[in-house]
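Per-entry structural report
Here is how the chains run, residue by residue.
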Amino acid sequence: VFGLRSEQRREVLDALRSLPRRQRDVLLLRYYLDLSERETADALDITPGSVKTHAHRGLNALAQLLENER
């Protein structure tokens, strides 16, 4: 989100808000707070494999949402 123009930042935040809660939580912990898979798993009380799955699905959904904005 850093380095984005105000409009782009708003689009990313709106897209994040529309994701399922678990995907949003994983993406924020992994990529905004820069936690490892293990740290994210521990914080959310899920397995590292679930972190990978939610991150993968969340990133794909986020990309799709942002592409649709264009």
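Small disclaimer: the values here were computed from a predicted structure and weren't measured. (Residues numbered from 1 in each chain as written. Predicted model: local features only at pLDDT ≥ 70, side-chain atom pairs only at ≥ 80, totals over all residues. Heavy atoms only, no water.)

We now examine helix α4 (residues 48-69). Between its first and last C-alpha, α4 extends 31 Å over 22 residues, near the 32 Å set by a 1.5 Å rise per residue. Every buried residue of α4 is accounted for by Val51, Ala55, Gly58, Leu62 and Leu66. Across the axial projection of α4, the buried residues extend over an arc of 75°, all falling on one side. Of the exposed residues in α4, those oriented more than 90 degrees away from the buried face are His56, Arg57, Glu67 and Asn68. Buried residues in α4 make contact with α1 (6-18), α2 (21-32) and α3 (37-44). (Helix = DSSP H or I, 4+ residues; strand = E, 2+ residues; numbered from the N terminus. Expected span 1.5 Å × (residues − 1). Buried < 20%, exposed > 50% of the residue type's maximum accessible area, 1.4 Å probe, protein only. Arc of directions from axis to C-beta. Contact = heavy atoms within 4.5 Å.)

Leu16, Val26, Leu27 and Leu62 are the most contacted members of the largest nonpolar core, which has 14 residues in total. Of all elements in the fold, only α1, α2, α3 and α4 reach the threshold of two or more residues within this core. The greatest single-element share of this core, amounting to 4 residues, is contributed by α4. Excluding residues within four positions of it along the chain, Val26 makes contact with Thr40, Leu44, Ile46, Val51, His54 and Ala55. (Core = buried A, V, L, I, M, F, W, Y, C linked by side-chain atoms within 4.5 Å.)

What follows concerns the pattern of salt bridges. Overall, the coordinates contain 4 salt bridges when judged by the stated rule. In this structure, the salt-bridge partner of Glu37 is Lys52, at a minimum N-O distance of 3.9 Å. Residue Glu37 is located in helix α3, and its partner Lys52 is located in helix α4; the two are separated by 15 residues in the primary sequence. (Salt bridge = Lys/Arg side-chain N within 4 Å of Asp/Glu carboxyl O.)

Turning our attention to the side chain of Arg30. Note on placement: Arg30 falls in helix α2. At 4.2 Å, Glu37 is the nearest oppositely charged side chain to Arg30, a buried residue that forms no salt bridge. Within the local environment of Arg30, its side chain forms a polar contact with the backbone oxygen of Leu35, the two atoms lying 2.5 Å apart. When sequence neighbours within four positions are dropped, the list of residues in contact with Arg30 reads Leu35, Ser36, Glu37, Thr40 and Val51. (Lys, Arg positive; Asp, Glu negative; His and termini not counted. Polar contact = N/O pair within 3.5 Å; in protein donor to acceptor, adjacent residues only side chain to side chain.)

All right, on to the packing of α3 against α4 then. Two elements in contact, α3 and α4, have axes separated by 8 Å at closest approach and are oriented at 100°. Taken together, the axis directions place α3 and α4 in an arrangement best described as roughly perpendicular. Residue-level contacts link Glu37, Arg38, Thr40 and Ala41 of α3 to Pro48, Val51 and Lys52 of α4. Taken together, the residues of the contact of α3 with α4 break down into 3 nonpolar, 1 polar and 3 charged. (Axes fitted to C-alpha atoms, helices over the stretch in contact; angles between N-to-C directions. Parallel < 35°, antiparallel > 145°, perpendicular 65-115°, else oblique. Nonpolar A, V, L, I, M, F, W, Y, C, P; charged D, E, K, R; others polar.)

All we've got here are geometric facts, nothing functional implied.
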